[in-house]
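So the chains spell out like this:
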Amino acid sequence: MESRTYVVRGLSYVVRVAQETDAKELSEVRHLIDGETEYLDREQGEGHLSEWDFKELIKKDADENNHLFLVAETEGTIIGFSRCAGSDLKRLSHQVEFGVGVLEEYWGYRVGKELLQQSIRWAERSGILKMTLRVLETNEKAIEMYKRFGFEVEGVLKKDKRLSDGKYYSTILMARFT
């Protein structure tokens, strides 16, 4: 997959396939993103992935036909990433799960949207029949974006996550079929 350059409101960034040399920075960026939002599953510091963990993940994704790991970078600095992860099981080999994270400073520059679009294009070219994702019910902008790209609600996990306000929130399960 070739890299693509985007310019949005004066910000120029590239979306490209992750390389092993990105591992250290990806570990740092993921840690930052986890502390900036409650939209993700983890709180900052939980489920930490080290530089070595990311190297292994990137290597595996490069070797698997049903995996894709993308990064978005501006001026050589990673500002977001996405991943499509498929299964080794034959009964699930037609689908991938999509996840995305973008540094809060770069929200509003369509970074998440471009990572999603590139992932959809890759899935279509790769013969993937179904992309799935999970999104917190309070993340209305993301839900609307996913719907615009053909995702539909498949289900709801009620009271799935407890956030810092002590309340429980649902997770929306969405899928896009090609």
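Refer to the structure presented above.
The following paragraphs examine the structure supplied in this document. Remember, predicted model here, so these are calculated numbers, not experimental data. (Residues numbered from 1 in each chain as written. Predicted model: local features only at pLDDT ≥ 70, side-chain atom pairs only at ≥ 80, totals over all residues. Heavy atoms only, no water.)

Turning next to the pairing of strand 6 (residues 130–136). Counting buried positions along strand 6 gives six out of seven residues, so the element sits mostly inside the fold. Handedness of the strand 5 (residues 95–102)-helix 3 (residues 111–125)-strand 6 crossover: right-handed. (Buried < 20%, exposed > 50% of the residue type's maximum accessible area, 1.4 Å probe, protein only. Helix = DSSP H or I, 4+ residues; strand = E, 2+ residues; numbered from the N terminus. Right-handed = clockwise from strand over helix to strand, strands pointing away.)

Applying the stated rule across the entire model yields 10 salt bridges. Between Lys24 and Glu28 there is a salt bridge, and its shortest N-O distance comes to 3.0 Å. Placement of the pair is Lys24 and Glu28 together in helix 1 (residues 23–36), with a separation of four residues, close to one helical turn. When salt bridges with common partners are traced through the structure, they connect Arg16, Asp22 and Glu73 into a single cluster. (Salt bridge = Lys/Arg side-chain N within 4 Å of Asp/Glu carboxyl O.)

A few words now on the packing of aromatic side chains. Summed over all chains, the structure comprises six aromatic pairs. Plain terms: the ring middles of Phe69 and Phe81 are 6.3 Å apart, the flat faces sit at 45° to each other, and that makes the pair tilted. With Phe69 in strand 3 (residues 67–74) and Phe81 in strand 4 (residues 77–86), this residue pair connects regions lying 12 residues apart in the sequence. Each member of the pair, Phe69 together with Phe81, is buried. Here a set of aromatic residues connected by ring pairs shows up, and it is made of Phe54, Phe69 and Phe81. Across the ring face of Tyr109, the terminal group of Arg9 is positioned such that the distance to the ring centre comes to 4.3 Å. (Phe/Tyr/Trp six-rings, centres within 6.5 Å; stacked < 30°, edge-to-face > 60°. Lys NZ or Arg CZ within 6 Å of the ring centre and 35° of its normal.)

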